[in-house]
Amino acid sequence: FVEIALATPGPCLVICDRGTMDGKAYCSDENWQKILSELELSNWNIRDNQYDAVFHMVTAADGAAEFYTTGNNVARWETPEQACEQDAKTLQTYVGHPHLHII
């Protein structure tokens with residue numbers, strides 16, 4: 001998608017459903033450091049240099065639990081409480097990005 005955007009004349013917006021930093025929220029700090037080391041990356045480089053802006057959409061389980069469901073997404077298995085916990089971990093991975101927006 002980035003190649004298509006670069007080939008498009010004029011402004012273009014690429015929206016990603018998941019970002020690279022999301023992976024940090026799903027593994028231990030030790031494993032994350034191993035990944036960064038192996039790929040010769042840093043949290044700062046991934047978080048701040050890969051994205052012009054980050055729009056974190058808070059899970060419906062947080063404040064609108066009646067709209068949270070696992071029925072429309074086979075990859076979604078968390079209880080509302082687990083979804084809120086995972087959402088907070090995911091958001092935390094982007095804290096510090098200069099253009100972080102929480103929706």
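The preceding data block contains the structure.
Residues numbered from 1 in each chain as written. Predicted model: local features only at pLDDT ≥ 70, side-chain atom pairs only at ≥ 80, totals over all residues. Heavy atoms only, no water.

J.: Can you tell me about the side chain of D48, naming the residues and giving the values?
T.: Locating D48 in the fold gives a position in helix 3 (residues 43-49). At 2.5 Å, the side chain of D48 forms a polar contact with the side chain of R47. Among residues more than four places away in sequence, those in contact with D48 are N43, G96, H97 and P98. (Helix = DSSP H or I, 4+ residues; strand = E, 2+ residues; numbered from the N terminus. Polar contact = N/O pair within 3.5 Å; in protein donor to acceptor, adjacent residues only side chain to side chain. Contact = heavy atoms within 4.5 Å.)

J.: Describe unusual backbone geometry, listing the residues and the values that go with them.
T.: Residue E40 is not a glycine yet carries a positive backbone phi of 55°. Within the secondary structure, E40 is located in the loop between helix 2 (29-39) and helix 3.

J.: Could you give me a rundown of the environment of E78, with the residues and numbers involved?
T.: In this structure, E78 sits in the loop between strand 1 (54-56) and helix 4 (80-94). The exposure class assigned to E78 is buried, which follows from its relative accessible area of 13%. Along the primary structure E78 and A61 are separated by 17 residues, whereas in three dimensions their C-alpha atoms are 9.8 Å apart. If we skip the residues at most four places from it in the chain, E78 touches Y68, T70, A83 and Q86. (Buried < 20%, exposed > 50% of the residue type's maximum accessible area, 1.4 Å probe, protein only.)

Take it as geometry only, folks, not as evidence of what the structure does.
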